[in-house]
Amino acid sequence: MPFIEAPTTFYLGRRYDPAADRMTNDVVYYDSRDLTTHAIVVGMTGSGKTGLCINLLEEAILDNIPAIVVDPKGDITNLLLNFPDLRPEDFQPWVNVDDARRAGLDVPQYAADVAHQWKEGLAGWGIVPDRMRWLKYAARYSIYTPGSDAGLPISILASLRAPREGWAGNEEALREKINGITTALLALVGRSVQPVQDKEHVLVANIFEYAWRNGQDLTLEDIILQVQRPPFTKLGVFPLDEYISERARGKLAMDLNNIVAAPSFQSWTSGDPMDIHSLLYTKDGRPRVSIFYIAHLSESERQFIITLLLENVLGWMRTLSGTTSLRALLYIDEMFGYFPPYPRNPPTKVPMLRLLKQARAFGLGMILATQNPGDLDYKGLSNAGTWFIGRLQSENDMQKVISGLQALSTTDSQLSLNEISRMIPQIKPRTFVMHNVHDNGGAIMLHTRWAMSYLRGPLTRQQVQVLMADQRAALMARIGAYSANIPAQSSQAYAPPPQSSQVYAPPPPPQSTPPGGAVGFAAQMAQQSARSAPPPPPPYPNSRAIPTCSTRRAWRPRRSPRRKISPQAIHSR
């Protein structure tokens with residue numbers, strides 16, 4: 001099946017005809033710029049939701065777009081299981097032993113069977129090993145495990161630092177950040193509090209504001225001590241002890257101290273800082289895929305780390321200039337509990353809503369996935385421009401999704417909710433109803449392509465430890481050198497594995513983060529094709545020479561014109 005490699009154009013699969021129960025010849029492409037208005041993916045377990053989301057991430061990586069991933073279950077760690085040579089011995093350490101047993105095979109036989117299945121599947125979708133090699137080496141893949149030593153540690157201390165841009169002129173944004181951090185921090189000790197309404201929240205928020213106004217960094221130890229003895233004597237018009245008693249402050253300080261006293265606390269304060277630019281790019285400008293594996297955390301700990309991450313993304317975003325192109329991705333694999341409908345208001349909800357409203361202007365796209373359609377605030381998701389709807393578990397789930405789409409229904413978008421309602425019951429595994437507000441053609445049925453990554457299911461912490469062993473050793477060496485006041489050597493920085501002359505590698509990375517993104521796989525293939533000037537690809541049987549469908553809008557007049565690619569520069573698979 002031929003498809004076109006073109007910059008900023010994602011290859012998602014082919015159109016599906018539910019009446020004939022088969023795929024058509026029309027390739028489904030997706031304009032990466034449409035992700036700046038965000039995407040929602042809903043589907044029950046077994047719908048193919050994880051495969052579709054990994055396909056979106058793979059296409060973004062091929063286009064040199066970095067990503068931060070929140071992975072509550074461990075499924076997205078499969079991005080690191082990329083085996084371009086498709087050898088059974090590459091798959092063998094990662095196959096599920098229980099699956100082999102159920103198939104009546106030993107592990108080597110089952111690995112050979114999986115390797116053959118992946119080879120045939122990729123070939124059937126026109127995906128060649130060179131594309132997989134580019135995916136493997138185009139980005140640096142890292143798995144962070146907050147509060148655990150399995151993967152890379154992440155330090156929360158940077159989130160408590162005073163803003164480097166200063167307090168004056170940034171008061172509103174910084175107070176929003178303080179409210180989010182305070183709510184998440186108090187949730188860690190089992191206190192469900194709200195800004196303004198609860199005295200504990202008001203106290204801790206004022207401690208933050210007092211320090212940040214004066215350019216003072218905070219640690220958790222500082223916060224605990226200042227809860228007992230605040231650096232101010234009044235809150236509002238009341239004396240401090242009259243507003244909140246010394247006894248109540250002592251109880252709160254003791255609860256917070258339990259966090260610091262826990263043996264596992266050290267893993268929250270050492271490691272890479274939660275610096276968003278560093279999580280998205282290496283020092284030489286190479287894109288990164290930073291996965292936050294949080295399957296081992298309690299719900300309050302998840303809320304805490306996700307809130308810190310979202311607030312730091314908002315702070316990083318405000319340092320950027322505007323753009324209409326996709327600059328980076330933020331993907332959350334399971335939204336359950338993080339963006340619920342009114343009246344629930346967890347600490348993650350407010351920063352997520354701000355990102356949904358503001359991120360578009362800065363080129364940050366969000367992909368939000370869930371298998372629980374009833375647990376989403378659909379009014380907040382009215383900012384999402386693309387919906388992928390997979391198999392749903394019940395009629396109630398379908399009605400929830402339809403009611404969410406009603407917020408997008410306008411005369412201009414020509415959205416037919418009746419048509420989508422008719423299509424949803426016909427959805428099969430790996431097929432999705434795709435509705436894109438930027439496409440006037442209406443909703444289509446999509447059958448997703450074969451994933452280049454080996455989808456073996458969630459990885460355990462022990463498997464994550466194996467994948468991150470080299471990066472963790474390099475990070476610990478840098479931390480040790482810093483602690484000893486010895487500058488870390490550049491040789492300790494991450495580098496891709498040594499490559500022989502037979503290994504296909506991407507071009508040298510840029511020396512700094514490019515404003516419009518580095519040259520990705522499609523652009524490089526176009527350059528090579530232009531130099532060698534190959535003949536146009538043969539037409540696909542019973543179809544046009546270049547398969548198209550309504551979702552390919554690379555040269556639509558509604559946006560700034562995109563550089564056209566000559567037939568000689570098109571690389572077809």
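Just above sits the structure.
Let us look at the structure shown here.

## Comments concerning the packing of helix α13 (residues 299–317) against helix α14 (residues 349–358)
The geometry of α13 relative to α14 is characterised by a closest axis approach of 9 Å and an angle of 30 degrees between their N-to-C directions. Of the two possible hands of crossing, α13 and α14 adopt the one that is left-handed. Between α13 and α14, the contacting residues are Leu310, Glu311, Val313, Leu314 and Met317 on the first element and Pro351, Met352, Arg354, Leu355 and Gln358 on the second.

## Description of the pairing of strand β13 (residues 364–370)
Among the seven residues of β13, seven are classified as buried, and the element is accordingly described as predominantly covered. The side-chain alternation of β13 yields two buried faces, one formed by Leu364, Met366, Leu368 and Thr370 and the other by Gly365, Ile367 and Ala369. Pairing analysis gives four bridges linking strand β4 (residues 39–42) to β13, with the strands arranged parallel. Directly across from Val41, in β13, lies its bridge partner Ala369. The pairing of strand β12 (residues 328–332) with β13 spans five bridges and is parallel. Across the sheet, Ala328 pairs through a bridge with Leu364, a residue of β13. Between the parallel pair β12 and β13, the chain is carried across by α14, and the sense of this crossover is right-handed.

## Some words on helix α15 (residues 395–406)
Compared with an ideal rise of 1.5 Å per residue, which puts 12 residues at 16 Å, α15 spans 17 Å between its outermost C-alpha atoms and is within 8% of the ideal. Buried residues of α15: Asp397, Met398, Val401, Ile402, Gly404 and Leu405, and no others. Down the axis, α15 shows its buried residues gathered within 160 degrees of arc, on one side only. Across from the buried face of α15, at angles greater than 90 degrees, the exposed residues are Glu395 and Asn396. Contacts from the buried residues of α15 go to β4, β14 (386–389), α16 (417–423) and β15 (431–436).

## Quick word on the environment of Phe388
Turning to its location among the elements, Phe388 is positioned in strand β14. Taking relative accessible area as the criterion, Phe388 reaches 0% and is therefore assigned buried. Here Phe388 is in contact with Leu12, Ala39, Ile40, Val41, Val42, Leu52, Leu56, Phe432, Val433, Met434 and Leu446, once residues within four sequence places are set aside.

## Quick look at the packing of aromatic side chains
Going through the model one piece at a time under the given rule, you end up with 11 aromatic pairs. Centroid distance Phe83 to Phe91: 4.9 Å. Interplanar angle 65 degrees. Geometry classified as edge-to-face. A relative accessible area of 1% places Phe91 in the buried class. Here the aromatic cluster, defined as three or more aromatic residues joined through ring pairs, consists of Phe83, Phe91, Trp118, Trp450 and Tyr454. Positioned over the ring face of Trp125 is Arg14, at 5.7 Å from the centre of the ring. Geometry around Tyr243 places Lys199 over its ring, the cationic atom sitting 5.7 Å from the centre.

## Side note on the sheet that holds strand β3 (residues 22–31)
The sheet built from 11 strands is open, its strands ordered β3-β2-β16-β15-β14-β4-β13-β12-β5-β11-β6 with mixed pairing. The outermost strands of the open sheet, each flanked by one partner alone, are β3 and β6 (140–144). Pairs of neighbouring strands in the sheet enclose a mean axial angle of 25 degrees, with direction left out of account. Its contacts with the sheet place α14 against β12 and β13, and it is angled at close to 130 degrees to β13.

Scoring rules and cut-offs
- Numbers given to residues run from 1 along each chain, matching the order in which its sequence is written.
- With the structure being a predicted model, the display of local features is reserved for residues of pLDDT at least 70 and the display and counting of side-chain atom pairs for 80 or more, all residues being used for whole-chain, interface and lining totals.
- Side-chain descriptors were evaluated using all non-hydrogen atoms of the structure, hydrogens and water having been removed beforehand.
- Angles here are taken between N-to-C directions and fall from 0 to 180 degrees, while the axes themselves are lines fitted to C-alpha atoms, restricted in helices to the stretch in contact.
- Strands here are runs of E lasting at least two residues and helices are runs of H or I lasting at least four, both read from the DSSP assignment and numbered beginning at the N terminus.
- In this scheme the handedness of a crossing depends on how the near helix is turned from the far one: anticlockwise by less than a right angle means left-handed, clockwise means right-handed.
- Only heavy atoms enter the contact rule, under which two residues are in contact if any of them lie within 4.5 Å.
- Only protein chains enter the accessibility calculation, which uses a 1.4 Å probe; a residue is then buried when its area is under 20% of its type maximum, exposed when over 50%, and partly exposed in between.
- Here a strand pair is declared whenever DSSP counts at least two bridges between the two strands.
- By convention a crossover is right-handed if, when the strands point away from the viewer, the path from the first strand over the helix to the second runs clockwise.
- Here the expected length of a helix is defined as 1.5 Å per residue gap, with one fewer gap than residues.
- Arc, as used here, means the arc of the directions from the helix axis to the C-beta atoms.
- Note on aromatic pairs: the rings of Phe, Tyr and Trp (six-membered ring only in Trp) are paired at centre separations within 6.5 Å, and the planes decide the class, stacked below 30 degrees, edge-to-face beyond 60, tilted for the rest.
- Here, a charge over a ring means that NZ of Lys or CZ of Arg falls within 6 Å of the ring centre while also lying within 35 degrees of the ring normal.

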